[in-house]
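# Survey of secondary and tertiary structure
Single-letter residue listing:
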Amino acid sequence: MKQQLILGVVMSAMTVSAHAYQNASAQNFSAEVLLGVANQDTDFGGGDRASGSSTSFGVRGAYTFNPNVAVELSYQYYGSYDDSWQDQFGWVDETFTSSALMGGLKVSLPLSAGYSVVGRLGAAYWDFELEETDAGFPDDVFVFDDSDLGVYYGIGLQLDITQALFISVEYTGVPMTASLGGYTVKHRTDNLSASLGFRF
């Protein structure tokens, strides 16, 4: 009788532990959608630069392996902005487009009432493209494109609405140094976005 009782207690404990583990595991993963505004600045050197704002959007997935630390992978499309200038042939119209695939760490510092300060740091595989048309060559479109590995960093504020649902606002910076047509161009994207996330 004692053996049956002990076996019953052990089996019950194992069942409760397994259930708790499944519930904990169910909250380890998260997915987010992001929408924001990217302020982009392109420095050609020698005082020549262009800048503009564009609508950005992205998706992000994360795995939390510690209550305050997670690994994450995201894709962010920063959109395009336009600029014009004049050369000896006429007006030159330019369109700048950038995006990044990012992987790194998310560190959360809980505050109160469900709020947390969030910091981000990691590697960014960025892509930068310049499309150019010149009034002197109306039938030609010049495209310069470069991609490379760099860094990204960010800070934000997150609010847990429920155990499974959260929202956040964040700033993320991605510096890029591209080689376009033999020239070194420094491009910087400062992205301010809001996100909606789900844990599962």
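Criteria and thresholds
Residues numbered from 1 in each chain as written. Predicted model: local features only at pLDDT ≥ 70, side-chain atom pairs only at ≥ 80, totals over all residues. Heavy atoms only, no water. Helix = DSSP H or I, 4+ residues; strand = E, 2+ residues; numbered from the N terminus. Buried < 20%, exposed > 50% of the residue type's maximum accessible area, 1.4 Å probe, protein only. Contact = heavy atoms within 4.5 Å. Areas by Shrake-Rupley, 256 points an atom, 1.4 Å probe, with all protein chains shown as cover. 1 Å grid on protein atoms, 1.4 Å probe; cavity = no way out; pocket = protein on both sides within 12 Å on 5 of 7 lines; lining within 4 Å. Points joined across faces, edges and corners; volume = space filled by probe spheres on them.

What follows deals with the overall build of the chain. Scanning the chain from terminus to terminus reveals one helix and eight strands. In sequence order, the secondary structure elements of the chain are arranged as α-β-β-β-β-β-β-β-β. Relative to its full complement of 200 residues, the chain shows a buried share of 33%. Considering only residue pairs separated by 6 or more positions, the chain has 60% of its internal contacts joining residues 24 or more positions apart. Total accessible area on the chain stands at roughly 11,600 Å², and carbon and sulfur atoms take up 64% of it.

Attention now moves to empty space enclosed by the protein. In total, this model carries one cavity of 30 Å³ or more according to the counting rule given. Computed from the structure, the largest cavity encloses a volume of approximately 60 Å³. Along its surface, the largest cavity is lined by Leu34, Arg60, Glu72, Ser74, Gln76, Met102, Arg120, Tyr152, Glu170, Thr172 and Asn191. Secondary-structure elements contributing two or more residues to the lining of the largest cavity are β3 (69–87) and β7 (165–180).

Despite not being glycine, Ala113 shows a phi value in the positive range, around 55 degrees. Residue placement: Ala113 occurs in the loop between β4 (90–110) and β5 (115–134). The exposed category is assigned to Ala113, whose relative accessible area is 69%.

Worth remembering: the numbers are spatial, not functional.
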